[in-house]
Structure formats: C-alpha cells, structure tokens
Amino acid sequence: MANDSNVTWHEHQVTREARERLNGHKGCVIWFTGLSGSGKSTVANTLDHLLWGYGFHSAVLDGDNVRHALNAGPGILRDAHGDDFAQRFGLGFSATDREENIRRIGAVAGLFCQAGLIALTAFISPYRVDRDRVRRNLPDGEFIEVFVDTPLAVCEERDPKGLYKKARAGEIKHFTGIDDPYEAPQVPELTLLAGERTPEALAHEVIDYLVERTIIPQPAGR
Ligand SMILES: Nc1ncnc2c1ncn2[C@@H]1O[C@H](COP(=O)(O)OS(=O)(=O)O)[C@@H](OP(=O)(O)O)[C@H]1O
Ligand SMILES: Nc1ncnc2c1ncn2[C@@H]1O[C@H](COP(=O)(O)OP(=O)(O)O)[C@@H](O)[C@H]1O
C-alpha cells in the first residue's frame, strides 16, 4: 500500500492559469448547503444552465450523481462481476458516513476547481466542521458557501420524495431536521431565501456575487 513518503504531487503541463485564460473565468467551488427539499439541486442546476448559456464552464455534483456512484450505499452499486463494492465502501447517513461523503465530494470538487471549472455541489452537508474542512483545503476565496435557507416547514410541505412523511412516521431514522441535526452556516458567503424567490432569481444572486468577486466577467447581454 502506498504511504505518504511514496506519493508525490504531479505538476501538470497545462497549468490552471492557462486553463482559466482559455475559459475566460476562474475556477471555484460553490457549496450549496441546506435541508432536504430546500432547493439546493434546483438552484445549482438552474445556475449551471445559466452559466453554460453565457459560455462559462461549470459542473454539478449532487446526490443523484454521487450517492448513486462514487458514494453509493449498499444495494445501489455493483461492479461487472457482481462484487458489491458499496457494501464495503458505500456510505449511509450516520455522522461518520456523512463526514466521509463530504470529504470525498470536497476532494472531487477541488479537482474540478483546479481544472478551471466552476464546481457546484448540492449536498445537505449538515455538519459545520465537515464544511469548514473542505473550505480549509481550498485556497482563500475559492470556497463559496451558499446557505439555501428554506424553513423546515416549507421543505416538509414540498416533500417531493415523501421522505419527511416517512421520517415523521418513524420509517426513516436520523433524518436531517427531524431527528438528526442541521448546523446552519454562521458566516456563509451568501444566504438565499429560497422559500421566497424563484430558482432563477436565486441563481442570479449567485451570478452577481461571482461578478463582484471577479470570478467571472459580467456576462455579455445580461
Ligand atoms: N437520513 C437521511 N437524512 C437526510 N437525507 C436523507 C436521509 N436518508 C436519505 N436521504 C436522502 O439523501 C439525500 C441527502 O444526501 P446528501 O449526500 O446530500 O447528505 S449528507 O450531505 O451526507 O448529509 C437527501 O436528498 P435531498 O433531498 O436532495 O437533500 C434525501 O433524499
Ligand atoms: N425557489 C423555489 N421555489 C419553489 N419551489 C422550489 C424552489 N426550489 C426548489 N423548489 C422545489 O422544491 C423541491 C425540492 O427541491 P430540490 O432542489 O430537490 O431540493 P434539495 O436538492 O435541497 O433536496 C422540488 O420539488 C423543487 O421543484
């Protein structure tokens, strides 16, 4: 097994600066956090679509593409030989599994960012310490924490997957906001009042922030 002394960082021939020059904008990680049903995926995808339309380069990491593959729990991911990798490496919703979920996602988002992309992540990420670890592992200014601040009552009313109903009935244990904690960010870069505004309006709030921080130029024709 490799240990630290046998692993070296490889410098790439195409530098991040060169990629950013070609892209016409900087890379960063936009980290959406909030309760289930708060609108994280919707806003991240709306923002991704707007950025793409302006000719910028972005990519979304969310539960569907991560908890069904990289971090798939038991029963979801099997390799071609029937070996249940998820049984050994998959993640559930204990505090430790959520910690590892966020650690892996943070690392992947960091790689996207180094490749010059605007990485959009949409995970509950309920623990402050886990989000702060991702922040610490990125250069200053490149972790943009966006609190999708939708009241629990609104999320529960939306309940698109019926999970709150199941959690209230005791059919799902440790459900965030019901019988598991959600630690709201104390000083996020942005707070979106996502129970009160449309996804498009919220996505434009994030774009305003990116322009203000010179991560992207003002999109032409906006
Ligand atoms: N116990 C429990 N608590 C919270 N959420 C649960 C749970 N069990 C399943 N789900 C579904 O999983 C989605 C959250 O996954 P995340 O990877 O974002 O969670 S975490 O960041 O590791 O806490 C979440 O999806 P979103 O609604 O998109 O947030 C739920 O659909
Ligand atoms: N700003 C918004 N206003 C009204 N409904 C919204 C808004 N954002 C999301 N929704 C709806 O709320 C539900 C949950 O949104 P979703 O993006 O899946 O949340 P999350 O990813 O945080 O679990 C979906 O049915 C979605 O259409």
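Model, not experiment: these values are computed from the prediction.

Counted by the stated rule, this structure contains 0 disulfides. No disulfide involves Cys 28; its nearest neighbouring cysteine sulfur is the one of Cys 113, lying 6.3 Å away. A relative accessible area of 0% places Cys 28 in the buried class.

If you look at the biggest cluster of nonpolar residues, it comprises 27 residues, and the most contacted ones within it are Ile 30, Phe 32, Leu 47, Leu 210 and Ile 216. Those elements that place two or more of their residues in this core are strand 1 (28-33), helix 2 (40-53), strand 3 (118-122), strand 4 (143-148), strand 5 (190-192) and helix 9 (199-212). Considering every element that reaches this core, the biggest residue donor is helix 9, with 7 residues.

The subject of this paragraph is the site of ligand 1. Inspection of the region around ligand 1 gives 18 residues, with Ser 36, Arg 67, Asn 101, Ser 125 and His 174 positioned closest. A distance of 3.4 Å is found between a nitrogen atom of ligand 1 and a backbone nitrogen or oxygen belonging to Thr 176. Protein contact buries 87% of the 630 Å² of open area that ligand 1 shows by itself. Among the elements that make up the shell around ligand 1, the one with the highest residue count is helix 5 (residues 95-114) (3 residues). Residue composition of the shell around ligand 1, grouped by class: 7 nonpolar, 6 polar and 5 charged.

What follows concerns the UniProt feature "active site" (unreviewed entry) in the protein. The sites that carry the UniProt feature "active site" (unreviewed entry) are, in the present numbering, Ser 125. Accessibility expressed as a relative area gives 3% for Ser 125, which makes it buried. Residue contacts for Ser 125: discarding those within four places in its chain leaves Trp 31, Phe 32, Thr 33, Ile 102, Arg 131 and Tyr 182. Within the local environment of Ser 125, its side chain forms a polar contact with the side chain of Thr 33, the two groups lying 3.4 Å apart.

A few words on the pairing of strand 3. Successive side chains on a regular strand alternate, one facing one side of the sheet and the next facing the other. The buried count for strand 3 comes to 5 of 5 residues, which makes it a mostly enclosed element. In this structure, strand 1 lies alongside strand 3, joined through 5 bridges in parallel fashion. Across the sheet, Ile 30 pairs through a bridge with Leu 120, a residue of strand 3. As paired strands, strand 2 (residues 58-62) and strand 3 are joined by 5 bridges and run parallel to one another. Counterpart to Ala 59 in the pairing with strand 3 is Ala 119.

It is worth spelling out the site of ligand 2 at this point. Around ligand 2, a shell composed of 15 residues is seen, among which Gly 37, Lys 40, Ser 41, Thr 42 and Arg 197 lie nearest. Measuring from an oxygen atom of ligand 2, one finds a backbone N or O atom of Leu 35 at 3.5 Å. Between Thr 42 and ligand 2, the recorded distance is 2.5 Å, taken from a side-chain N or O atom to an oxygen atom. Expressed as a share of its isolated accessible area of 560 Å², the protein-covered part of ligand 2 is 70%. Taken together, the residues of the shell around ligand 2 break down into 5 nonpolar, 7 polar and 3 charged.

This part is about the sheet that holds strand 3. Across the sheet, which stays open at both edges, the 5 strands sit in the order 2-3-1-4-5 with parallel pairing between neighbours. Looking at strand neighbours, the two that pair on one side only are strand 2 and strand 5, the edges of this open sheet. Geometrically, the sheet is characterised by an average inter-axis angle of 20 degrees between neighbouring strands, direction not taken into account. Here helix 6 (residues 128-136) sits on the sheet in contact with strand 1 and strand 4, set at roughly 155 degrees to strand 4. The strands touched by helix 9 within the sheet are strand 1, strand 4 and strand 5, with strand 5 carrying the most contacts at an inclination of about 170 degrees.

Let's shift gears to the layout of surface pockets. The rolling of a water-molecule-sized probe over the atoms marks out the regions of remaining empty space. Roughly 960 Å³ of volume is contained in the largest pocket. Residue lining of the largest pocket: 37 residues in total, with Ser 36, Gly 63, Phe 93, Ile 124 and Lys 161 positioned closest to the centre. Among the elements that take part in the lining of the largest pocket, helix 3 (residues 63-70) stands out by supplying 4 residues, more than any other. Taken together, the residues of the lining of the largest pocket sort by class into 14 nonpolar, 14 polar and 9 charged.

Here is what the cut-offs are and how they apply
Residues numbered from 1 in each chain as written. Chains lettered and ligands numbered in written order. Predicted model: local features only at pLDDT ≥ 70, side-chain atom pairs only at ≥ 80, totals over all residues. Heavy atoms only, no water. Disulfide = S-S within 2.5 Å. Buried < 20%, exposed > 50% of the residue type's maximum accessible area, 1.4 Å probe, protein only. Core = buried A, V, L, I, M, F, W, Y, C linked by side-chain atoms within 4.5 Å. Helix = DSSP H or I, 4+ residues; strand = E, 2+ residues; numbered from the N terminus. Near = heavy atom within 4 Å. Polar contact = N/O pair within 3.5 Å; in protein donor to acceptor, adjacent residues only side chain to side chain. Areas by Shrake-Rupley, 256 points an atom, 1.4 Å probe, with all protein chains shown as cover. Nonpolar A, V, L, I, M, F, W, Y, C, P; charged D, E, K, R; others polar. UniProt positions renumbered as here; feature names shortened; annotations may be inferred. Contact = heavy atoms within 4.5 Å. Pairing = 2+ DSSP bridges. Axes fitted to C-alpha atoms, helices over the stretch in contact; angles between N-to-C directions. 1 Å grid on protein atoms, 1.4 Å probe; cavity = no way out; pocket = protein on both sides within 12 Å on 5 of 7 lines; lining within 4 Å. Points joined across faces, edges and corners; volume = space filled by probe spheres on them.

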